[in-house]
Amino acid sequence: MKILGLTGGIGMGKSTVAAMFRRHGVPVFDADAEVRRAQSPGGAAIAPITAAFPGVVRNGVLDRAALRARILADPTARKQIEILMHRLVRQSEHRFLARARRHRARAVLLDIPLLLETGGARRVDLVITVSAPRDIQIARVRRRGLAPPEIARIIALQMPDHEKRRRADITIFTGLSRGVTARTVRRIIARDIPPQRLSRLAPVCHRSP
């Protein structure tokens, strides 16, 4: 089974590219979705976050804005939450890969924002990063409701785009048009994934059970 790793900074178009792979029958593991699940009420991350960051969980519900503010203000807190969430996401990833192998998937895509930062390149056969011009990136993130100063802080904390492109095997540029991006994805699938039927998991394996 071929394992593709997808990464990219905030607002670069990673989710769009992952959805394109999924439509072509490639099962996708969505690390961000796993984080949201773990941080939802009753999720595996709520208790340890409550213990580590008093005040950001109220009545069992995580205040994501409060946690984000704490992380942006304190590098130690950022490292602490990264370690916690990385452990939980890796457990979900193991379950996803085991299920994909049981179903004899030809290839899977691991959609992981911190793939390179956490040494994930060693776990995949091909590293793919997405990239777009800074003005397009900022415009996309602003549509999520974040203010420019907050966007600038988030981008500053992430691995620079040029470094991700340098370390990746393939860069998908998403700043032109959706059609151009889709053609790039099709070329990658045709060139780098075995031609047999990819997997029966495609409709259901975008997240771990």
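Fair warning: this is a prediction, and the values are worked out from it, not measured in the lab.

Visitor: Give me the overall build of the protein: which residues, what numbers.
Guide: Per the secondary structure count, the protein includes nine helices and seven strands. Compactness check: the protein gives a C-alpha radius of gyration of 17 Å against a globular reference of 17 Å for 209 residues, within 12% of the reference. Accessible area of the protein: about 10,800 Å², with a carbon and sulfur share of 53%. Between the mean site of the 40 positive side-chain charges and the mean site of the 16 negative ones, the protein shows a separation of 6 Å.

Visitor: Residues and numbers for the nonpolar core, please.
Guide: Among the nonpolar cores identified, the biggest contains 22 residues, and Phe21, Leu109, Ile128 and Ile172 are the most heavily contacted of them. Contributing elements (two or more residues each) for this core: β1 (2-7), α1 (14-23), β5 (107-111), β6 (126-131), β7 (170-173) and α9 (178-192). With residues near it in sequence (within four places) discarded, Ile172 still touches Val17, Phe21, Ile128, Thr129, Val130, Ser131, Thr181, Thr184, Val185 and Ile188. Core analysis: the next-biggest nonpolar cluster, separate from the first, contains 17 residues, Phe29, Val89, Leu115 and Val124 among them.

Visitor: Please give an account of the layout of surface pockets that cites residues and values.
Guide: A water-sized probe, rolled over the atoms, reveals where empty space remains. Space inside the largest pocket adds up to approximately 1,800 Å³. Lining the largest pocket are 49 residues, with Ile10, Asp32, Pro113, Ile154 and Gln158 sitting closest to its centre. Listing elements by their share of the lining of the largest pocket, those giving two or more residues are α1, α2 (31-39), α4 (64-73), α5 (75-102), α7 (148-157) and α9. In terms of residues, the lining of the largest pocket owes the most to one element, α5, which gives ten residues.

Visitor: A description of the pairing of β1 should follow, citing residues and the corresponding values.
Guide: In terms of burial, β1 is largely enclosed, as five of its six residues are buried. Summarising the sheet, β1 and β5 pair through five bridges and their orientation is parallel. The residue of β5 that forms the bridge with Leu6 is Asp111. Sheet topology note: the β1/β6 ladder contains four bridges and is parallel. If you follow Thr7 over to β6, its bridge partner there is Thr129.

The rules behind each value
- Residues numbered from 1 in each chain as written.
- Predicted model: local features only at pLDDT ≥ 70, side-chain atom pairs only at ≥ 80, totals over all residues.
- Heavy atoms only, no water.
- Helix = DSSP H or I, 4+ residues; strand = E, 2+ residues; numbered from the N terminus.
- Rg over C-alpha atoms; globule rule 2.2 N^0.38 Å.
- Areas by Shrake-Rupley, 256 points an atom, 1.4 Å probe, with all protein chains shown as cover.
- Lys, Arg positive; Asp, Glu negative; His and termini not counted.
- Charge placed at Lys NZ, Arg CZ, Asp CG, Glu CD.
- Core = buried A, V, L, I, M, F, W, Y, C linked by side-chain atoms within 4.5 Å.
- Buried < 20%, exposed > 50% of the residue type's maximum accessible area, 1.4 Å probe, protein only.
- Contact = heavy atoms within 4.5 Å.
- 1 Å grid on protein atoms, 1.4 Å probe; cavity = no way out; pocket = protein on both sides within 12 Å on 5 of 7 lines; lining within 4 Å.
- Points joined across faces, edges and corners; volume = space filled by probe spheres on them.
- Pairing = 2+ DSSP bridges.

What is shown is where atoms sit, not what they do.
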